[in-house]
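Tertiary structure, described
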Amino acid sequence: MTYRICVVCTGNICRSPMLEFLLREAFEDAGLSDRVAVDSAGVSAEEAGNRADSRTLAALRRHGHTDHGGQAHRARQIRPAWLADRDLILAADHGHLNRLRRLAGGDPTDHIRLIRSFDPDAVARGNLDADDPWYGRDVDFDRTYAELTAAVPGIVDHVRAALR
C-alpha cells in the first residue's frame, strides 16, 4: 500500500512545495519513502507551471536540506478528483482548508487537515495557519520553515500509525 499525501497552499510555489520536500526527506529518514508518496498543489492556477519560489529553496538550503524535488518542481492546481485519491490532504491555512472542503462537495473530509494541526505547540496556542512568506524576506521564509518543520514529526507519526 502506498500512502498518498498532497500538501496545498495558494499557488504551490512557497509553503506547499517546502513541506512536500521536508516530508519526502522525513519519510526517507524514517525508512518509509517506499510506502509514502508526497506531492503538492495550489488552490489557484495563477502560478501553474512555475518553479518553486527561489526563496523557498534558499530557506531549505540555509537549513541544511538537500534537494528532494525542488529543481524539478512545477506549480499546479489541485483537481477535485485528487481529494478522493489522497489519504491525507494538508492545507496551509484555514482559507485553503475551506476551499478544499467545498471542492470535496460533501464527501467525507476528515482526511483534509491543517498542516499545523500536527504541531502540539501550535494547537496549544490556537494558531494553526502557516504564515505565507510570499511578500516577505528571508526571515519570513525562515519563520514559515520553522512552522512547517514543527509539524513534520506529527505528520510522520500519523502516517506511520496508518501504515501499521
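Report follows, based on the coordinates.

What counts as what
- Residues numbered from 1 in each chain as written.
- Predicted model: local features only at pLDDT ≥ 70, side-chain atom pairs only at ≥ 80, totals over all residues.
- Heavy atoms only, no water.
- Core = buried A, V, L, I, M, F, W, Y, C linked by side-chain atoms within 4.5 Å.
- Buried < 20%, exposed > 50% of the residue type's maximum accessible area, 1.4 Å probe, protein only.
- Helix = DSSP H or I, 4+ residues; strand = E, 2+ residues; numbered from the N terminus.
- Contact = heavy atoms within 4.5 Å.
- Salt bridge = Lys/Arg side-chain N within 4 Å of Asp/Glu carboxyl O.
- Pairing = 2+ DSSP bridges.
- Axes fitted to C-alpha atoms, helices over the stretch in contact; angles between N-to-C directions.
- Left-handed = near helix turned anticlockwise from the far one by under 90°.
- Nonpolar A, V, L, I, M, F, W, Y, C, P; charged D, E, K, R; others polar.
- Polar contact = N/O pair within 3.5 Å; in protein donor to acceptor, adjacent residues only side chain to side chain.
- Right-handed = clockwise from strand over helix to strand, strands pointing away.

1. Some points on the nonpolar core
Within the largest apolar cluster, 36 residues are counted, with the highest numbers of intra-cluster contacts made by I5, L19, L23, F27, V36, L90 and I155. Among the secondary structure elements, those contributing two or more residues to this core are β1 (3-9), α1 (15-29), β2 (36-42), α2 (54-62), β3 (88-91) and α6 (138-163). At nine residues, the largest contribution of residues to this core is made by α6. Contacts of I5, omitting those with residues within four sequence positions, involve L23, F27, V36, A37, V38, D39, R86, L88, L90 and V159. If you look at the next biggest cluster of nonpolar residues, it comprises 14 residues, including A41, A91, L97 and L114.

2. Digging into the pattern of salt bridges
Across all of its chains, the model carries 14 salt bridges by this definition. Of the charged contacts, one joins R160 and D157 as a salt bridge, the two residues approaching to 3.2 Å between their closest N and O atoms. Note that R160 and D157 are positioned in helix α6 at a spacing of three residues, about one turn of the helix. Its relative accessible area of 29% is what places R160 among the partly exposed residues. Among the residues examined, D157 registers a relative accessible area of 46% and is labelled partly exposed. Look at the salt bridges and you will find they share partners, linking R4, D39, R76, D85 and R86 into a network.

3. Notes on the sheet that holds β2
Two orientations exist for strands paired in a sheet by backbone hydrogen bonds: parallel and antiparallel. The sheet built from four strands is open, its strands ordered β2-β1-β3-β4 with parallel pairing. Since the sheet does not close on itself, it has two edges, and those belong to β2 and β4 (112-114), each with one partner. Adjacent strand axes in the sheet meet at a mean angle of 25°, parallel and antiparallel pairs treated alike. Note: β1 against β3, four bridges, orientation parallel. Of the residues in β3, the one forming a bridge with C6 is I89. Packed on one face of the sheet, α1 meets β1, β2 and β3 and runs near 175° to β2. Contacts from helix α4 (residues 94-104) reach β1, β3 and β4, with the element oriented near 175° to β4.

4. Description of the packing of α1 against α2
Contact geometry for α1 and α2: axes closest at 9 Å, N-to-C directions at 35°. In this structure, the crossing between α1 and α2 has a hand that is right-handed. Along its contact with α1, which presents M18, F21 and L22, the element α2 presents T56, L57, A59 and L60. For the contact of α1 with α2, the per-class residue count stands at six nonpolar, one polar and no charged.

5. Side note on the side chain of R116
Position of R116 among the secondary structure elements: in the loop between β4 and α5 (120-125). One polar contact links the side chain of R116 to the main-chain carbonyl oxygen of D129, over a distance of 3.1 Å. Every residue in contact with R116, bar those within four places of it in the chain, is listed here: A122, V123, R125, N127, L128, D129, A130, E147 and A151.

6. Regarding the pairing of β1
For β1, the tally of buried residues reaches six of seven residues, placing the bulk of the element in the interior. Alignment of β1 against β2, held across seven bridges, turns out to be parallel. Paired with V8 across the two strands is A41, which belongs to β2. Traced from β1 through α1 to β2, the parallel crossover comes out right-handed.

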